[in-house]
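# Chains, contacts and geometry: an overview
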Amino acid sequence: MRLELASYDIKDVVFSDSDGLVNGVLHVNKAALLDHLSEVSPFEALDVEIARPGESVRIVHALDVVEPRAKAPGPGRVFPGLLGPPLGAGEGRSLRLGGVAVVGAAEPFAGEDHWAFREAVIEMSGPGADLCPFSKTVNVVVKFVQGARTDEREKTNFGVDAWDDDARRAIEASRLLTVRAAEYLARIARDAQPDEVSIYELEPVDESLPKVAYIHHNTGAALYGWSDFTYDHAMLLHPNEIMDGALVLSTRFVEPAIRDCTYFHQNNSIIHELYDRHGKDLEFVGVVFFSGFGSTMELKETESDSAVKLAHMLGADAAIVSPFRSGHSGVAFMMVCQKCERSGIRVSVGVSQLVPGAGEPGLNHWVPEADALVTSGNDRETIKLPAVNKVIGGTDLLNDMGRADSELEIEVRHLYGLSAPMGPTRLAPALY
Amino acid sequence: MKLELASFQVDDIVLAPETRLSGTILYINEGELKDHLLPDPFIEDIRIDVARPGENARIVNAIDVVEPRDKVTGPETVFPGRLGPPTQAGSGTTNRLAGMAVVGTAEPFVGEEYWYAREAIIDMSGAGAAYSPFSETVNLVLHFIPTAGGEELDPARRKQFVVDTRTRDAENRMKATRHLTLKAARFLASKTKGLTPHHTRTYALGPADPSLPGVVYLCKSLSASIYGSFSTTRKWVVPLHPNEMMDGAVVNFGFLIAANFRDCTYAYQRNAVVEELYSRHGVDLNFRGVLFYSAFPYTLEEKELEAGSTVRTAKMLGADAAIIAPLSDGHPSVETMMICRLCEEAGISTAIGAGEMTANEGDPGFTHWVPQADALVFAGDSHTRLALPAVERVIGGHRVLHGDQEAAGEIEVEARQMLGASNPAAPTRLFGRLY
C-alpha cells in the first residue's frame, strides 16, 4: 500500500469571489462552499467563519476537527464510507492543506441530552492558546443551525451521549458536512504545485530491526463510516488507511481534551514517528485496531487476547499502546499491556492523566507491566481565560459555565485536543 | 502460539457399565453421560446410539457434529465462550478422540419453521455413505428429546420462504442441543486423562523462509460463533491464528444452512484447508493466518466493507495468495466473488473451494461469478438426486423432512440433504470432473 501525500502550506484562508490558491493563501468563495454543503444539509441554516491564530476569538461547542484533504483527480473520494464507497484509503495520491482545520460547531441539537464533554473550546489567543493545537491552525468553522426547537426535552445530564433519533441524525449530518467542507477546500488546491510530497509505504527493511506494532485503542472512531462498535475482535489496519481518512471521529463525543477528532487520525503523531523510524532503528509492522467497549471481564479478556494475538501475528517485538481512556476500555487497555509484556512484547503506553486531586494516580486502572508510560497532560487543572472580542459557535458555554465571550475559569479538559496522546499536543508532565 | 494435539484412536464405541477408554475401544456408561448433560431446562431426555461405518443405519435430523476434545494444559476449557470463559484457544495441550464423532440430532421443535436446510442425513453404508465424511467415523449419536410444550409460531410468521424462523422456546431448545453436543464431546475426551496418546502433533507457525509465498485462508463462515459470539452484523474480517480455529474457538451456531455445506463444528476442528496449509508451511509456502468472516452483509456498501477489509488485512499479513472457502450460494457468494476480484487486483492470487449448485443441465452452478475467479476447486454438486436404499435402523427420528418420507424406507433426496457432502473446507469425498 503506497500513499503519496501532497502537502500545501497554507498561510491564510480568506473569503473571495472565486476559489483559488494564490501565494499560499487559500481563497474561498463562501457562497459556493455553502451551496456545496447545502446540497446534503438537513439544517435550517449553515454558516462559515474563519478564525486565525492570534485573533481575540473563542470557538465554542466544537464538534469534529478535520484537516482539508482530497484525493487527486481520478476515482475515489477521501473519507471513504462517508463520501464514497468504503475503499481506496491509503493508496494513490491525496492532497492536504497544512495549517488549516475545518471545525464543526453547533448548539446542542434537539433531542440531544448532552453532558459535560459536549463543551469543547478553542482559544485563538491568550493562555488557552498555548495549550490547544488548534490555536495554531487557520480554522474554517462550519456552523450548523437547527430551526426553532418545538419539543424541549428534559435534560438529565446523566446519560452519556443520550440522543433520540432526530439528534443522532443531526450529529451524523454535522459529521458528514464537516468532512465534505474539508474535501471542498482541499480540492481548491488541485491544480497548484504542492510544497512537499511525502511517500508512505512500509517497504521491506533489515530483518534484524525490532518489529514494532501500534496497538491503536479505539476510543471513539468511526472506521469507514461505521461507528457502531460494541464489543468485537481486534482488527488489522495499514497505517496509511488511518492517515488517509479511513478513521474519523465517531458520533460519540468524549472529553474534548482527549477527543479523537478526525484531524488527529489524519496526523497521528505515533504513526508519523513510527514511519520516520521505519528502516532506521525499527520495523513498523502495522496497526492493531482494538475496541475495549466490552462491559464484562470475559469480553475484555477476548478483546485484549485478540489484540495481543494480532500483534504476534504481525511478528511484533514491541508495541505502542495508545490512547488510554478511562472507563471500561481503560481496563481492557491495561489488560492488553499486561498480556503483551507477559508474552514477550515490550510495550510503551501513551496515556493522558485524569487527576481530580493531589495524590490521585490519574488512571482508573493500572498494571505493573505498564512500566513505560508517556503521559500527555492532566485534564483536571483549571485555567483562567480572558474575555474575547468575538465568539464563534454560540453565546453561552454549556452547563452554566458562563457567557462565552466573558472571562472564564474552566477545567482544561474543555480545551480541544489539549492532551490527546496521538495528537500534536503541547503539554508534558513533570514529576515532583 | 503452540498447540499440542494428542490423538487417541477410537475404533469402536461400546455401551458399558463404566465410561473409559481402553485401547481403541471407548466404553460409555449411558447413565453417566446423561447425568453429566441433564437436567437441562429445555431437554427432557437424550437417546444414545452408536452408528458404525458399514452398518445398515441412517442418521436423520442431525444438527451438529463434534470431535471429542478436552484441554489438558493451557486455557481452562475447549470451546471457550461456549463451555466456559472465552479465553484464547490454540495453545497448550488438547486431547482428541480420533476416528469418532458426536452427532447431535433433534426433530423439529415446537415453534420451529424449518426449511429444506434443516434436514441432514448420514448414511453409514450404501450409496449414501459416499456423500458424507461422517459415514467413516464411529458416531455417538445423541438424540435430544425437548421438554414438552413451547410456544407455537404465530401462523402469520409461518412463511415457506423465511429462513429458520423460530419462537424463543424453539431457539432455546436448538441452543441446548448444540450446547449439550459440545459438552458431551468434552466429557468423552476427558476420559483420556492419564492415558498415553497414540500420537501427538505440534501445531505452531514457526518462522518460515520469507522468500516462500505468503498464503492466508479466507474462511467465510456460514453459521458459526467465535468465542461464543455470533454476529451476522460484523462488517469486518476477524484475523485468527489457525490454532484457535482448530482448537474450538469456532463452533457451529446460528441458523442452519444446507447440510452439504453446513459448517458443523467438526469442519472447523479438522478443517481440510488449515491442515493442508499447515503441512506445507515452511515447505513451499508461508501460512500467514486465517481471516474469518461471519457477517451476512445485505447491502452493497457492507459487502464492499467486508471485501475491502479482507484484502487489506491479507496484505498486512503478507499474503501473496489466498485460499477462499467455502463458496456457497446467495448473498455470501457475491461477497466471495468481490473478495476474489479485489484480491487479484491487489496482487493476491486466489483459489476458491466451491460447491456447485447446478439445478439443471447447462446451469453454470453459480449465483455470481467474476473473471478473476479462474482457479476453482469443486467439492461436488448440491442438486444431484440420490435414491437411497431402505435401512434396518434409523437414528434421530422417523421421517425425512425432505418430502416427508419414511426414514427407514427407500428415500429420494438431493445431495444437499447429506451432511458434509460438499463443504470444500471439510474432509469431503466428492470432486468435480470436466468432460
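Residues numbered from 1 in each chain as written. Chains lettered and ligands numbered in written order. Predicted model: local features only at pLDDT ≥ 70, side-chain atom pairs only at ≥ 80, totals over all residues.

## Looking at unusual backbone geometry
Across the junction of Leu38 of chain B and Pro39 of chain B, the peptide omega takes the value 5°, indicating a cis bond. By the secondary structure assignment, Pro39 of chain B is in the loop between helix 1 (30-37) and strand 5 (43-51). With a phi close to 55°, His61 of chain A is a non-glycine residue in the positive phi region. When you line up the elements, His61 of chain A lands in the loop between strand 6 (57-59) and strand 7 (62-66). For Tyr224 of chain A, which is not a glycine, the phi torsion comes out positive at approximately 50°. Residue placement: Tyr224 of chain A occurs in the loop between strand 17 (221-223) and strand 18 (235-237). (Helix = DSSP H or I, 4+ residues; strand = E, 2+ residues; numbered from the N terminus.)

## So, the interface of chain A and chain B
Contacts between chain A and chain B engage 20 residues on the former and 23 residues on the latter. Elements supplying a minimum of two residues to the side of chain A that touches chain B: strand 18 and helix 6 (297-313) of chain A. Class assignment of the residues belonging to the side of chain A that touches chain B gives a composition of ten nonpolar, four polar and six charged. (Contact = placed C-beta atoms within 7 Å. Nonpolar A, V, L, I, M, F, W, Y, C, P; charged D, E, K, R; others polar.)

## Points about the sheet that holds strand 6 of chain A
Residues and elements named next belong to chain A. Across the sheet, three strands lie side by side as 12-6-25; this open sheet has mixed pairing. Since the sheet does not close on itself, it has two edges, and those belong to strand 12 (122-123) and strand 25 (390-392), each with one partner. One ladder, built from three bridges, connects strand 6 with strand 25; its direction is parallel. Paired with Ile59 across the bridge in strand 25 is Ile392. (Pairing = 2+ DSSP bridges.)

## Considering the packing of helix 6 of chain A against helix 7 (residues 328-342) of chain A
Any two packed helices are characterised by how steeply their axes cross, that is the angle between the axes, and by the distance between the axes. All names here are of chain A. Interaxial distance between helix 6 and helix 7 falls to 9 Å at its minimum, and their mutual angle equals 45°. In terms of orientation, helix 6 and helix 7 fall into the oblique class. At the point where helix 6 passes helix 7, the crossing takes the right-handed sense. Seen from helix 6, the contacting residues are Lys300, Glu303, Ser304, Asp305, Ala307, Val308 and Ala311; seen from helix 7, they are Val331, Ala332, Met335, Val336, Lys339 and Cys340. Residues belonging to the contact of helix 6 with helix 7 are distributed by class as follows: eight nonpolar, one polar and four charged. (Axes fitted to C-alpha atoms, helices over the stretch in contact; angles between N-to-C directions. Parallel < 35°, antiparallel > 145°, perpendicular 65-115°, else oblique. Left-handed = near helix turned anticlockwise from the far one by under 90°.)

## Remarks on helix 6 (residues 300-316) of chain B
Between its terminal C-alpha atoms helix 6 of chain B stretches 24 Å, which fits the 24 Å expected from 17 residues at 1.5 Å a residue. Counting buried positions over the 17 residues of helix 6 of chain B gives 14, a clear majority of the element. (Expected span 1.5 Å × (residues − 1). Buried ≥ 20, exposed ≤ 12 C-beta atoms within 10 Å, placed from the backbone.)

## A look at the sheet that holds strand 4 (residues 25-28) of chain A
All names here are of chain A. Strand order in the open sheet made by the three strands is 2-4-3, with mixed pairing throughout. For this open sheet the edge positions go to strand 2 (12-15) and strand 3 (20-22), each flanked by a neighbour on one side alone. In this sheet, neighbouring strand axes are inclined to one another by 25° on average, regardless of whether the strands run parallel or antiparallel.

## Quick look at the pairing of strand 10 (residues 100-105) of chain A
All names here are of chain A. Among the six residues in strand 10, six count as buried, and that is most of the element. Here strand 10 shows two buried faces, one formed by Val100, Val102 and Gly104 and the other by Ala101, Val103 and Ala105. The pairing of strand 10 with strand 13 (residues 138-145) spans six bridges and is parallel. By the bridge assignment for strand 13, Val100 is matched with Val138.

## Concerning the confidence of the model for chain A
Chain-level pLDDT for chain A is 86 on average; 86% of the residues reach the 70-or-more range. Segment residues 426-432 of chain A is flagged for pLDDT under 50; beyond a separation of four residues in sequence, or across chains, it makes twelve contacts in the model. (pLDDT = per-residue confidence, 0-100.)

## Some details on the environment of Val14 of chain B
Residues and elements named next belong to chain B. Along the chain, the position of Val14 falls in strand 2 (residues 12-15). The spacing of Val14 and Phe287 is 273 residues in sequence and 40 Å in space, taken between C-alpha atoms. Excluding residues that lie within four positions of it along the chain, Val14 makes contacts with Ile25 and Tyr27.

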